[in-house]
Amino acid sequence: MLFNSLEFAIFLPIVFAGYWWLANRSLNWRNAWLTAASYFFYGWWDWRFLSLIVISTLVDYFVGITLGRTDQRWRRRGLLVLSIGVNLGFLGIFKYYNFFIEN
């Protein structure tokens, strides 16, 4: 789904209306709605890569939860390095791997 496509012109108002309909509910419901809409948007492009964004989301979510529970500086740094490493690893493998192999 491209940003200038008819599908996106239909998708965006639905997501926007759903977000405002959930405005009276908790922030967790609105975040869940936006996360589900993001997964749908990303999966529309190619469902085979949907696992990448799900794994990235789960890693970052649990790292964020753990960061909120710990005060140890070395543990916080390790968690941050883990999160950044996973995300940059996905980027490096799935975006730049072919570039480096060909050159």
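See the structure shown above.
Below you will find a few notes about this structure. (Residues numbered from 1 in each chain as written. Predicted model: local features only at pLDDT ≥ 70, side-chain atom pairs only at ≥ 80, totals over all residues. Heavy atoms only, no water.)

## Focus: the overall build of the protein chain
We apply this condition: A helix here means a DSSP run of H or I that spans at least four residues, while a strand means a run of E at least two residues long, and both kinds are numbered starting from the N terminus. The reference for a compact globule is 2.2 Å times residues^0.38; the radius of gyration itself is calculated from the C-alpha atoms. Whether a residue is buried, partly exposed or exposed follows from its accessible area with a 1.4 Å probe, protein chains only, as a fraction of its type maximum: under 20%, in between, or over 50%, in that order. Should any heavy atoms of two residues lie within 4.5 Å, those residues are considered in contact. Note on areas: Shrake-Rupley with a 1.4 Å probe; residue coverage comes only from the protein chains shown. Lys and Arg are tallied as positive, Asp and Glu as negative. Neither His nor the chain termini are counted. Where a charge lies is defined by one atom per residue type, namely NZ (Lys), CZ (Arg), CG (Asp) and CD (Glu).
Helix and strand counts for the protein chain come out as four helices and zero strands. In the protein chain, the succession of helices and strands from N to C terminus is α-α-α-α. What you see for the protein chain is a C-alpha radius of gyration of 17 Å, clearly larger than the 13 Å of a compact globule of 103 residues, by over 25%. Its C-alpha atoms give the protein chain principal-axis dimensions of roughly 45 × 45 × 20 Å. For the protein chain, buried positions account for 17% of its 103 residues. Considering only intrachain contacts with a sequence separation of at least 6, the fraction spanning at least 24 residues in the protein chain is 37%. For the protein chain, the accessible area works out to roughly 8400 Å², and carbon and sulfur atoms hold 67% of it. Across the protein chain, the 9 positively charged side chains and the 5 negatively charged ones have centroids separated by 14 Å.

## Brief notes about the layout of surface pockets
Note the threshold: For each structure, a 1 Å grid was placed over the protein atoms alone; sets of points admitting a 1.4 Å probe that cannot get out are labelled cavities, open sets with protein on both sides within 12 Å along at least five of seven lines are labelled pockets, and lining residues have an atom within 4 Å of a point. Grid points are joined across faces, edges and corners, and a volume is the space filled by probe spheres set on the points.
What the largest pocket holds in volume is close to 220 Å³. In this structure, the largest pocket is lined by Tyr-42, Trp-45, Phe-49, Leu-52, Ile-53, Ser-56, Phe-90, Leu-91, Phe-94 and Lys-95. Mapped by element, the contributors of at least two residues to the lining of the largest pocket are helix H2 (27-45), helix H3 (50-69) and helix H4 (73-102). Top contributing element to the lining of the largest pocket by residue count: H4, with four residues.

## What to know about the packing of aromatic side chains
To describe a pair of aromatic rings, one takes the distance between the centres and the angle between the planes. The condition is simple: For this analysis, a ring pair means two rings from Phe, Tyr or Trp (six-membered ring only for Trp) whose centres lie within 6.5 Å, classed as stacked if their planes differ by under 30 degrees, edge-to-face if by over 60, and tilted for the remaining angles. For a ring to carry a charge above it, either NZ of a lysine or CZ of an arginine must fall within 6 Å of the ring centroid while also lying within 35 degrees of the normal to the ring plane.
As enumerated under the stated definition, the model contains 14 aromatic pairs in all. Each ring, one from Tyr-61 and one from Phe-62, has its centre 5.3 Å from the other, and the planes form 75 degrees; the classification is edge-to-face. Each residue in the set Phe-3, Phe-8, Phe-11, Phe-40, Phe-41 and Trp-44 is aromatic and connected to the rest through ring pairs, giving one cluster. Its end group placed over the ring of Trp-21, Arg-25 keeps NZ or CZ at 4.5 Å from the ring centre.

## Observations concerning the side chain of Arg-30
Operational definition: Salt-bridge detection follows one rule: a side-chain nitrogen of Lys or Arg within 4 Å of a carboxyl oxygen of Asp or Glu.
Secondary-structure assignment places Arg-30 in helix H2. Asp-60 provides the closest opposite charge to the buried, unpaired Arg-30, separated from it by 21 Å. Setting aside chain neighbours within four positions, we find Arg-30 in contact with Tyr-19, Leu-22, Ala-23 and Arg-25.

## Some details on the side chain of Ser-5
Heads up, the rule is: Polar contact is defined as a pair of N or O atoms within 3.5 Å, subject to the rule that within protein one atom must be able to donate a hydrogen and the other to accept it, and that residues adjacent in sequence are counted only when both atoms are side-chain atoms.
Examined against the element boundaries, Ser-5 turns out to sit in the segment before helix H1 (6-21). For Ser-5, a relative accessible area of 16% corresponds to the buried category. Within the structure, Ser-5 has its side chain in polar contact with the backbone oxygen of Leu-2 (distance 2.7 Å). A distance of 3.3 Å separates polar atoms of two side chains, one belonging to Ser-5 and the other to Glu-7.

## Here we look at the pattern of salt bridges
Counted according to the given criterion, the structure contains one salt bridge. Between Asp-46 and Arg-48 there is a salt bridge whose closest N-O contact spans 2.8 Å. Asp-46 gets classed as buried once you look at its relative accessible area, which sits at 14%.

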